[in-house]
Amino acid sequence: QWYQRRVRAGVVVPAHSLSMACISGQAALAKGIEMINSDYAELVLVGGVEYLSDLPIMVNKKVRKTFLKMRNLEMSRKQKLSLLSKIRLRHVAPDVLNVVEFQTKETFAYNGDKIAAKFGISRWDQDEYGYRSHRLSKLAAAEGKFPFVCSVQHSKSNETVSTDGTLRRWTREKMSKRRPVMRGGTVTVATANQPCDGAAVCLIASERAAERFNLSPRAELSPVSFAACSPELTCSWAPLTP
């Protein structure tokens, strides 16, 4: 869906949003690359937002269906009250949104165990890689290698967040003592991707635009394409080719 976005400078530019679950940000970047390669645009601002600390809670299916039936204008008041009388206390319990693959209904932890088994990635390998990732991320942050990270002020508590709050400060020994999330699995809370909030934005430009506006590129982007894979593996695995 296209709409107009007014930036602070007062300029109205064409923009659109997309939603592809976990890959929305990557899809936005791929779309921007496509627009530049097709000469549709020379400068594209792309970004993504993740908001998982407050997942939506839905009304029970029985209650939803009852309310939809009650929208019938031809129903009498007595008929509507009769529908409401069929709702029981157990129907009032909310349905909490579960983060699963929408086709297989598999959780990410279960799917992660399948991927690990498929490629022979041991529990030791996962712990070692997870520990290394968090250790290097903390080191890079301490050395100021993330100057592009913006500070954000919480709208209610007025607390200012300026560092990555998802870095785990566990020792390698403590990580090895974590129990697997799934029985018989190898993925633990120490190596799993935790739900978090965050946002990122980047400016991509054609070579002509970079020279025109005297921009200093941080990276060169290659064309990107998407391909479907088996639903049993789509949560955690997809082929990447240069």
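This text follows the structure it describes.
This structure is a prediction, so every number in the text was calculated from the model and none was measured.

Cut-offs applied
Along each chain, numbering runs from 1 in the same order as the chain's sequence is written. The predicted nature of this model means local features are confined to residues of pLDDT at least 70 and side-chain atom pairs, given and counted, to a pLDDT of 80 or more, with totals for whole chains, interfaces and linings taken over all residues. Each side-chain value is worked out from all heavy atoms of the structure, with water and hydrogens disregarded. Strands here are runs of E lasting at least two residues and helices are runs of H or I lasting at least four, both read from the DSSP assignment and numbered beginning at the N terminus. Relative accessibility under 20% of the residue-type maximum defines a buried residue, over 50% an exposed one, and the middle range a partly exposed one, all with a 1.4 Å probe and only protein chains included. In what follows, a contact means two residues having at least one pair of non-hydrogen atoms within 4.5 Å. Surface accessibility in these figures is a Shrake-Rupley result with a 1.4 Å probe; residues are shielded only by whichever protein chains are displayed. Pairing of aromatic side chains here covers Phe, Tyr and the six-membered ring of Trp, requires ring centres within 6.5 Å, and sorts the geometry by plane angle: under 30 degrees stacked, over 60 edge-to-face, intermediate tilted. Note on geometry: a ring has a charge over it if NZ (lysine) or CZ (arginine) is within 6 Å of the ring centre and within 35 degrees of the ring normal. Exposure above 30% relative accessible area and the absence of a salt bridge qualify a residue for a patch, where like charges join within 9 Å and nonpolar side chains (Val, Leu, Ile, Met, Phe, Trp, Tyr) within 5 Å. Just to be clear on terms, a salt bridge is a Lys or Arg side-chain nitrogen sitting within 4 Å of an Asp or Glu carboxyl oxygen. Counted charges follow a simple rule, with Lys and Arg positive, Asp and Glu negative, and His plus the chain ends left uncounted. Where a charge lies is defined by one atom per residue type, namely NZ (Lys), CZ (Arg), CG (Asp) and CD (Glu). We call a set of buried residues a nonpolar core when its members are Ala, Val, Leu, Ile, Met, Phe, Trp, Tyr or Cys and they connect through side-chain atoms within 4.5 Å of each other.

Here we look at the overall build of the protein
- Across its full length, the protein carries 7 helices and 8 strands.
- The buried share of the protein, taken over its 242 residues, is 20%.
- Sequence-distant contacts, at least 24 apart, represent 62% of the contacts inside the protein between residues at least 6 apart.
- For the protein, the accessible area works out to roughly 19200 Å², and carbon and sulfur atoms hold 56% of it.

Considering unusual backbone geometry
- Its identity is not glycine, yet aspartate 39 carries a phi of approximately 65°, on the positive side.
- Within the secondary structure layout, aspartate 39 lies in the loop between α1 (24-37) and β3 (43-51).
- The exposure class assigned to aspartate 39 is exposed, which follows from its relative accessible area of 57%.

Description of the side chain of aspartate 127
- By the secondary structure assignment, aspartate 127 is in helix α5 (residues 123-142).
- Contact partners of aspartate 127, with chain neighbours within four places excluded, come to Arg172, Met175, Ser176, Thr188 and Thr191.

A short note on the packing of aromatic side chains
- For the coordinates displayed, the defined rule picks out 0 aromatic pairs.
- Above the face of the phenylalanine 119 ring, lysine 118 is positioned so that its terminal group lies 5.7 Å from the ring centre.
- The residue whose ring lies beneath arginine 178 is tryptophan 170, and the NZ or CZ to ring-centre distance is 5.4 Å.

Brief notes about a positive patch on the surface
- Residues Lys61, Lys62, Arg64, Lys65, Lys69, Lys86, Arg88 and Arg90 make up a contiguous surface patch of positive charge.
- Mapped onto the elements of the fold, arginine 90 is located in the loop between α3 (77-84) and β5 (95-96).

Regarding the nonpolar core
- Core analysis: the largest hydrophobic core is formed by 9 residues, namely Ala28, Leu29, Ile33, Met35, Ile36, Ala41, Val44, Val46 and Ile204.
- Elements with a contribution of two residues or more to this core: α1 and β3.
- Ranked by residue count, the leading element in this core is α1, at 5 residues.
- In this structure valine 46 touches Ala28, Leu29, Gly32, Ala200, Val201, Cys202 and Ile204, once residues within four positions along its chain are discounted.

Here we look at the side chain of histidine 134
- The topology assignment puts histidine 134 in helix α5.
- Histidine 134 gets classed as buried once you look at its relative accessible area, which sits at 15%.

What to know about a nonpolar patch on the surface
- Together, Leu43, Leu45, Val201, Leu203, Phe213 and Leu215 make up a nonpolar patch on the protein surface, roughly 580 Å² of accessible area in all.
- Where the nonpolar patch is concerned, the elements lending two or more residues are β3 and β8 (197-205).
- You can see leucine 43 is positioned in strand β3.
- Judged by relative accessible area, leucine 43 falls into the partly exposed class, the value being 37%.

Purely geometric stuff here, so don't read any function into it on its own.
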